[in-house]
Amino acid sequence: MRGIAVFILSILSFSVFASNKILDVGLYWGEEPSEITVQAAQGSFKVYGNGKDLIELKKNTVLRIKSEGGLLHVRTLSEDLGTYYKVELNRNSWGNTLKIQRAGRTAVHEYHDDFEMKPLRGKIRIINHVYIEHYVAGVVESEAGSKEPKEYYKVQAVICRTYALNNRRKHEAEGFQLCDKVHCQVYHQKSKSNPDIIKGTQETIGIVIVDSDINLVTAAFSSNCGGYTCNSEDVWSGSLNYLRERIDENCLEENHSYWRYTTTRDKWLNYLSTNHGYPVYEPAAKDRALHYCPDRRQHKLGSPRDGIKFTQIRRDLKLQSAYFSIETIQDSVILEGHGYGHGVGLCQEGAMNMARRGYPYDEILHYYYKSIHLVNLSVIDFFRAN
Ligand SMILES: [Zn+2]
Ligand SMILES: [Zn+2]
């Protein structure tokens, strides 16, 4: 199947269909500003009020937009341009960027492509109509920082693109597709800190992850799996055949590979019995709760049927992961933990390490996601259209 997908990919790779190219991203979601200033950072923009041509926004022209009485009031420093229920800013040429600054804030965010603004209960709803690869590069920078090898940015670009397309209906009721917060994917602004992020995005242009039925996958990832990834159903309810547990030796020496949590013996036993009815009065169960050293990731403390889920203990005690051993020294109970995050799917620190050691991005993705295919978006359209 992989061979077929690659074959079709080579035929159709230049025909990514327009429907997949532009995303509508809600900016400043949940903290929409009531007033902003915008400025062309690169190139110029046409500004429209209720569809009517208002002004050309050239470099150094500042436009102030304020939500007032259910409309948007638009003005430059010298001219009042009126009030409108919809304001649009469209770039005059490819690559142009716009800077947005919220009133009273120092941070300035720079974005590509086109914008639509509408009043929203005294605030401004700002939607960025952004070319998907511009968006993906911005998300990769927010998710992965600026110090990784290019091959890792390719891994993250494919994951972010797959997520974006798989979640295009998430904010449909609000009039856009994805928000810019962790609720969807963090998108602070265009990528600008490391040219390898843009190169990595371009070198994987249009590539997404699909399962054996050519459906986009849920490309789950977490910071560090602690040496053993989880099955999807160990953490969430559904079982997905590409999110399978596996040993991962790539993340054992990384930043988040180890953690420690200390409490008292009384508090620990009391927590287990009071919160979860754990049988601390049974000597064998008590001993297991005080001395536990698994040689692989397990899912429950106690019996497989009615033990306590480690994911529950993680939530209760706000631990970095649900993968730990238990050691008791006199009155102290020490949880020695591995990894950071839920552990399902790709392990970011393991993938970064593989990229640093020269593994190509496709091998890294196949290492963490079982039986997947990497295909161009056009392949999905091809299958759906036929
Ligand atoms: Zn969202
Ligand atoms: Zn790992």
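This is a predicted model, so every value here is computed, not measured. (Residues numbered from 1 in each chain as written. Chains lettered and ligands numbered in written order. Predicted model: local features only at pLDDT ≥ 70, side-chain atom pairs only at ≥ 80, totals over all residues.)

**A look at the overall build of the chain**
- Secondary structure assignment for the chain yields eleven helices and 22 strands.
- Seen through its C-alpha atoms, the chain measures out along the principal axes to roughly 80 × 50 × 35 Å.
- Going through the 386 residues of the chain one by one, you find that 40% of them count as buried.
- Residue pairs at least 24 apart in sequence account for 67% of intrachain contacts in the chain once pairs closer than 6 positions are excluded. (Helix = DSSP H or I, 4+ residues; strand = E, 2+ residues; numbered from the N terminus. Buried ≥ 20, exposed ≤ 12 C-beta atoms within 10 Å, placed from the backbone. Contact = placed C-beta atoms within 7 Å.)

**A look at the pairing of strand β12 (residues 123–131)**
- With six bridges joining them, strand β1 (residues 22–27) and β12 adopt antiparallel strand pairing. Looking at the pairing, I22 lines up with Y131 of β12.
- Where strand β11 (residues 114–120) lies against β12, seven bridges are found, and the strand directions are antiparallel. Across the sheet, residue P119 finds its bridge partner in β12, namely I124.
- The loop that links β11 with its antiparallel partner β12 comprises two residues; one of these, R121, has a positive phi angle of about 45 degrees. (Pairing = 2+ DSSP bridges.)

**Considering the confidence of the model for the chain**
- Considering every residue of the chain, the mean pLDDT works out to 92; 93% of them sit at 70 or more.
- Note that pLDDT drops below 50 for residues 1–18; the model gives that stretch 26 contacts with residues more than four away or on any other chain. (pLDDT = per-residue confidence, 0-100.)

**Observations regarding the pairing of strand β5 (residues 62–68)**
- Residues L63, I65 and S67 point to one face of β5 and are all buried, whereas V62, R64, K66 and E68, pointing to the other face, are not buried.
- Pairing analysis gives five bridges linking strand β2 (residues 35–42) to β5, with the strands arranged antiparallel. Each bridged residue has a counterpart across the sheet, and for I36 the counterpart in β5 is I65.
- Direction of pairing for β5 relative to strand β6 (residues 71–76): antiparallel, over a ladder of six bridges. Residue pairing for β6: L63 is matched across the bridge by T76.
- The hairpin turn running from β5 into β6, its antiparallel successor, is two residues long, and G69 in that turn takes a positive phi close to 55 degrees.

**A closer look at the packing of helix α3 (residues 150–166) against helix α10 (residues 361–368)**
- It is at 8 Å that the axes of α3 and α10 come closest, and there the two elements cross at 55 degrees. Here α10 runs oblique to α3, going by the angle between their axes. When you trace α3 past α10, the crossing you get is right-handed. On the side of α3, the interface is formed by E151, K154, V155 and V158, while α10 contributes Y361, I364 and L365.
- Tallied by class, residues from the contact of α3 with α10 come to five nonpolar, no polar and two charged. (Axes fitted to C-alpha atoms, helices over the stretch in contact; angles between N-to-C directions. Parallel < 35°, antiparallel > 145°, perpendicular 65-115°, else oblique. Left-handed = near helix turned anticlockwise from the far one by under 90°. Nonpolar A, V, L, I, M, F, W, Y, C, P; charged D, E, K, R; others polar.)

**A few points about the nonpolar core**
- One finds V158, I209, A351 and L365 to be the most contacted residues of the largest nonpolar core, which totals 91 residues.
- Two domains each provide a minimum of three residues to this core, namely domain 1 (22–205) and domain 2 (258–338).
- The residues contacting L365, other than those within four sequence positions of it, are V155, V158, I209, I372 and L374. (Core = buried A, V, L, I, M, F, W, Y, C linked by C-beta atoms within 7 Å. Domains from an automatic or database assignment.)

**As for unusual backbone geometry**
- Phi is positive for Y28, which is not a glycine, with a value near 55 degrees.
- One can find Y28 in the loop between β1 and β2.
- Despite not being glycine, K318 shows a phi value in the positive range, around 55 degrees.

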